[in-house]
Amino acid sequence: MPGDDGRAGVADLYTLPLDQFTPSRDELAQRLRSEGDAEGAKRVGKLRKPSVAAWALNRAARNNPELVSRLVASHKMLRQAASRQEVEEASETRRQAVAILTDAAMAELEKGSLQTRDRINRTLLAVATDAQGEIALAAGTLVRELEPSGGGWGEMELPPVPEPDPAEQAVLVAERAREQARKLETEAEDAESQVEAAKEALAEARRRAKRARATADKATAEARRAEEDVED
């Protein structure tokens, strides 16, 4: 891949104005040669000038790394999706990332044709199933456009949702049933506690009422005796 020699200058070649690629490449190869890095100079001398679509994507990737990160994240989401809903959410994230990156790449061109836009779009679709292409896009070192593989993510179709394993489904159903049973048991215990608390509160209220009645009866009796003493 371009840039394997670890020098920043190599990666930078792919975002220079296209008419500067060849002279800058040759200049870098000459510098490496003069520094005694014959192998590095040889590799650099063989680097190919990027196509217009690849160059536009390299520029867009360098200027908008967060958009590339979003696209790469959507690929990871698709690979890890375990339900139809997760697949659809990841696919929508991917669609948006592809559209925005395509617009960003086209904005790097003074005059972008519909054919170039299509090549850019198809390259972004292709990197979903092309690990090296995804790396090159993130690094901004694409050399040529990529073509989506037949079917699957490359054509922006939803990848198949894995069929559930019957044994795993049975275990899952059993676990959900146990969880529901534990929840209902907890609710029943709480209800019983509330009933006991209510019974205790009622008993205490009755005891207070009985004491209050006794106090009232005693007060009434004392009042009567006082009245009788006054009459006598």
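This one's a predicted model, so the numbers in the text were calculated from it and none came from an experiment.

> Now, about the pattern of salt bridges: what can you tell me, with residues and values included?
When their charged atoms lie close together, side chains carrying opposite charge are able to pair. Across all of its chains, the model carries 13 salt bridges by this definition. The salt bridge partner of Glu204 is Arg207, with a shortest N-O separation of 2.7 Å. In this pair, Glu204 and Arg207 are both assigned in helix 9 (residues 166–231), 3 residues apart and thus about one turn of the helix distant. Residue classification places Arg207 among the partly exposed residues on the basis of a relative accessible area of 36%.

> Give a detailed account of the side chain of Thr15, specifying residues and quantitative values.
With respect to the helices and strands, Thr15 occurs in the loop between helix 1 (8–13) and helix 2 (18–34). Leave out the neighbours within four places in its chain, and Thr15 touches Trp55, Asn58, Arg59, Arg62 and Gly140.

> Give me the lowdown on the packing of helix 4 (residues 52–63) against helix 7 (residues 114–126), citing residues and values where you can.
For the pair helix 4 and helix 7, the least separation of the axes is 9 Å and the interaxial angle reads 60°. On the basis of their axis angle, the class for helix 4 and helix 7 is oblique. The crossing of helix 4 and helix 7 is right-handed. The residues of helix 7 that touch helix 4, namely those facing Val52, Ala53, Ala56 and Leu57, are Thr116, Arg119, Ile120, Thr123 and Leu124. Partitioning the contact of helix 4 with helix 7 into residue classes produces 6 nonpolar, 2 polar and 1 charged.

> How would you summarise the nonpolar core if you had to cite specific residues and measurements?
Membership of the largest hydrophobic core comes to 26 residues, with the highest contact counts inside it found for Leu57, Leu71, Leu101, Ile120, Leu124, Leu137 and Leu142. Sorting the residues of this core by element identifies helix 4, helix 5 (65–80), helix 6 (84–107), helix 7 and helix 8 (131–139) as the ones contributing at least two each. It is helix 4 that provides the largest number of residues to this core, a total of 7 residues. Aside from chain neighbours lying at most four places away, what touches Leu101 is Ala60, Leu67, Val68, Leu71 and Leu124. Listed in part, the 11 residues of the second largest apolar core include Val10, Tyr14, Val44 and Leu47.

> Before we move on, can you summarise the packing of helix 5 against helix 6 with the specific residues and values?
Here helix 5 crosses helix 6 at 155°, and the two axes come no closer than 8 Å. The angle between helix 5 and helix 6 places the two elements in the roughly antiparallel class. Note on packing geometry: the crossing formed by helix 5 with helix 6 is left-handed. Side by side, helix 5 and helix 6 meet where Leu67, Val68, Arg70, Leu71, Ser74, His75, Met77, Leu78 and Gln80 of the first sit next to Glu86, Val87, Ala90, Ser91, Thr93, Arg94, Gln96, Ala97, Val98, Ile100 and Leu101 of the second. Its residues assigned to classes, the contact of helix 5 with helix 6 comprises 11 nonpolar, 6 polar and 3 charged.

> Which residues make up helix 5, and what values go with them?
Taking 1.5 Å of rise per residue, the 16 residues of helix 5 would be expected to cover 22 Å, and the 23 Å separating its terminal C-alpha atoms lies within 8% of that figure. Residues of helix 5 that are buried sit in contact with helix 4, helix 6, helix 7 and helix 8.

> Can you explain the confidence of the model for the chain? Please cite residues and give values.
Confidence along the chain averages 82 in pLDDT terms, with 85% of residues attaining 70 or more. Throughout residues 1–7 the model reports pLDDT below 50, and contacts reaching past four residues in sequence, or to other chains, amount to 16 contacts. Overall, residues 154–162 carries pLDDT values under 50, and its contacts beyond four positions in sequence, including any with other chains, amount to 27 contacts.

Reading the values: rules and limits
Residues take numbers from 1 onward in each chain, read along the sequence in its written order. Only residues with pLDDT of at least 70 get local features here, since the model is predicted, and only at 80 or more are side-chain atom pairs given and counted; chain-wide, interface and lining totals rely on the full set of residues. To obtain the side-chain values, all non-hydrogen atoms of the structure were included, while hydrogens and water were left out. Salt bridges, as used here, are contacts in which a Lys or Arg side-chain nitrogen is within 4 Å of a carboxyl oxygen on Asp or Glu. Strands are runs of DSSP state E lasting at least 2 residues, helices are runs of H or I lasting at least 4, and numbering of each runs from the N terminus. Burial classes follow relative accessibility: with a 1.4 Å probe on protein chains only, a residue under 20% of its type's maximum area counts as buried, one over 50% as exposed, and anything between as partly exposed. Any two residues whose heavy atoms approach within 4.5 Å are treated as being in contact. Lines are fitted to the C-alpha atoms to define the axes, a helix being fitted only along its stretch in contact, and any angle between axes, read from their N-to-C directions, falls within 0 to 180 degrees. These descriptions rest on fixed angle ranges, namely under 35 degrees for roughly parallel, over 145 for roughly antiparallel, 65 to 115 for roughly perpendicular, and the rest for oblique. By convention, the crossing between two helices is left-handed when the near helix turns anticlockwise from the far helix through less than a right angle, and right-handed when the turn is clockwise. Here the term charged refers only to Asp, Glu, Lys and Arg, the term nonpolar to Ala, Val, Leu, Ile, Met, Phe, Trp, Tyr, Cys and Pro, and the term polar to all other amino acids, Gly among them. Buried residues of nine kinds, namely Ala, Val, Leu, Ile, Met, Phe, Trp, Tyr and Cys, make up a nonpolar core once their side-chain atoms join them within 4.5 Å. A helix's residues, less one, multiplied by 1.5 Å, set its expected span. The predictor attaches a confidence to each residue, and that confidence, scored 0 to 100, is pLDDT.

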